[in-house]
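Now for the letters of each chain:
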Amino acid sequence: MALDPAMTTRPRLRQLEALKSVVDHGSMTRAAQSLEISQPAVSRLLADLSHGLGFTLLKRKNGRLVPTQEASYILPDITRVLEVLKNITDTSQNVHDKTAGHLSIACLPGFATSHLPAVVTEFLKTRPDVTITLEPDRPERILEWIVGEQYDCGITDGFDGHPAIESTTLNVRTVCIFPKGHRFQALKEVDAKQLDKERFVHTRRDSNFYRSLNDVFRKASVSPIHVVETRQFTAACELVAQGVGVSVVSELDARTYDGRLDFRPFAPRVPHQISLVRPIHKLPSKITLDFLENFKASLSEFEV
């Protein structure tokens, strides 16, 4: 048997709002005031909705308009629809205001446990509905994720460029770190020549930073005693704090260990390059751009 065409009309949002308002207030007049429309407009909305659904929506009882049995049956669904739409509206406004959304960040392991948590904490203070995923890994893996558009942005080093990645490179000051009580404490600055024959903790030999530092040693004709090779500055700081040797790391990392080791400016300057990367073909969210600006600002005092 064919369906009655009158029962195939899809309800409109304003009709559902009118019915819910009348049920809540028990009066066409108060419902109209709540919706900020005229009473005849409310009556037309309900008449059209009743015609479209194929049954009576309201009846009068004790001076109030109350839902019929059929209307009562669909009211929970109407309430859920209106709540969902309100949530969408509220969330959209929050996204526009950059106070809601999700941000996925790929980063170096050292950053995940040193500087980044403080930046994230400050960022979230004014964005209570933002959630963040932090995924630490080696630089090669970070670039692979960004090229594949699996993360919104990344924080890495030694980035040499890629056609699918947009990047900003920041040059961060480096310092010489040494254990408490070391003879370098008497110096205002540690020169490369003073590292000759010193037990030295350094970054991986295949890193851009190590190659730059090694060039300085070669030009100064010095030969530190290479004791430990590690990928992360944070590991180098921990080893130096425990007396294994000295190292040259970013001032950013050295300051997180202030009190457990000492440091002095290193000469000549060998900046550590930090690259902020994101997929070039993926339109960034406002939250992504906002976070990257916040992160850059957090490094401003350490930039060369």
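The structure presented is a predicted model; accordingly, all values stated were derived computationally and were not measured.

Q: Would you mind going over the environment of leucine 57 in detail, with residue names and values included?
A: Counting through the fold element by element, leucine 57 comes out in the loop between α3 (39-53) and β1 (58-61). Classification of leucine 57 by relative accessible area gives buried; the value is 3%. In this structure, the C-alpha to C-alpha distance between leucine 57 and isoleucine 142, residues 85 residues apart in sequence, is 58 Å. Discounting chain neighbours no more than four positions away, the residues touching leucine 57 are Leu19, Leu46, Leu49, Ser50, Val66, Pro67, Thr68 and Ala71.

Q: Give me the lowdown on the packing of aromatic side chains, citing residues and values where you can.
A: With the rule as written, the count across this model stands at seven aromatic pairs. With a centroid separation of 5.8 Å and 65 degrees between ring planes, the pair formed by phenylalanine 111 and phenylalanine 295 is classed as edge-to-face. Of this pair, phenylalanine 111 sits in helix α5 (residues 109-113) while phenylalanine 295 sits in helix α11 (residues 286-299), placing them 184 residues apart in sequence. On the accessibility criterion, phenylalanine 111 (7% relative accessible area) is buried. For phenylalanine 295, a relative accessible area of 0% puts it in the buried group.

Q: An account of helix α1 (residues 13-25) is needed here, citing residue identities and associated values.
A: Between its first and last C-alpha atoms α1 spans 18 Å; for 13 residues at 1.5 Å apiece the expected length is 18 Å, and the two agree. Taken as a whole, α1 has its buried residues at Gln15, Leu16, Ala18, Leu19, Lys20, Ser21, Val22 and Val23. Directly after α1, the chain includes glycine 26, whose backbone phi takes a positive value near 70 degrees.

Q: Explain the side chain of threonine 230 to me, using residue names and the numbers behind them.
A: Relative to the helices and strands, threonine 230 is located in strand β10 (residues 225-230). Setting aside its immediate chain neighbours within four residues, threonine 230 contacts Val201, His202, Thr203, Arg204, Ala235 and Ala236.

Q: I'd like to hear about unusual backbone geometry, residue by residue, with values.
A: The peptide bond linking alanine 267 to proline 268 adopts the cis configuration, its omega dihedral lying at 0 degrees. Relative to the assigned elements, proline 268 resides in the loop between β12 (262-267) and β13 (272-279). Positive phi, close to 60 degrees, is recorded for glutamate 36, a residue that is not glycine. Examined against the element boundaries, glutamate 36 turns out to sit in the loop between α2 (28-35) and α3. On the accessibility criterion, glutamate 36 (72% relative accessible area) is exposed. A positive phi angle, near 55 degrees, is found at asparagine 62, a position not held by glycine. For asparagine 62, the position within the fold is in the loop between β1 and β2 (64-67). Residue classification places asparagine 62 among the exposed positions, given a relative accessible area of 77%.

Q: Could you give an account of the environment of methionine 28, naming the residues involved and the relevant values?
A: Within the element layout of this structure, methionine 28 appears in helix α2. The residues touching methionine 28, leaving out its near neighbours within four places in the chain, are Val22, Gln39, Val42, Ser43, Leu46, Leu58 and Leu65.

Q: Which residues make up the sheet that holds β10, and what values go with them?
A: The strand order across the open sheet built from six strands is β8-β12-β7-β11-β9-β10, with neighbouring strands paired in mixed fashion. What marks the edges here is a single partner per strand, and that holds for β8 (190-191) and β10. Where strand β7 (residues 174-178) meets strand β11 (residues 246-250), four bridges bridge the pair, whose relative direction is antiparallel. By the bridge assignment for β11, cysteine 176 is matched with valine 248.

Definitions and cut-offs
- Residues numbered from 1 in each chain as written.
- Predicted model: local features only at pLDDT ≥ 70, side-chain atom pairs only at ≥ 80, totals over all residues.
- Heavy atoms only, no water.
- Helix = DSSP H or I, 4+ residues; strand = E, 2+ residues; numbered from the N terminus.
- Buried < 20%, exposed > 50% of the residue type's maximum accessible area, 1.4 Å probe, protein only.
- Contact = heavy atoms within 4.5 Å.
- Phe/Tyr/Trp six-rings, centres within 6.5 Å; stacked < 30°, edge-to-face > 60°.
- Expected span 1.5 Å × (residues − 1).
- Pairing = 2+ DSSP bridges.

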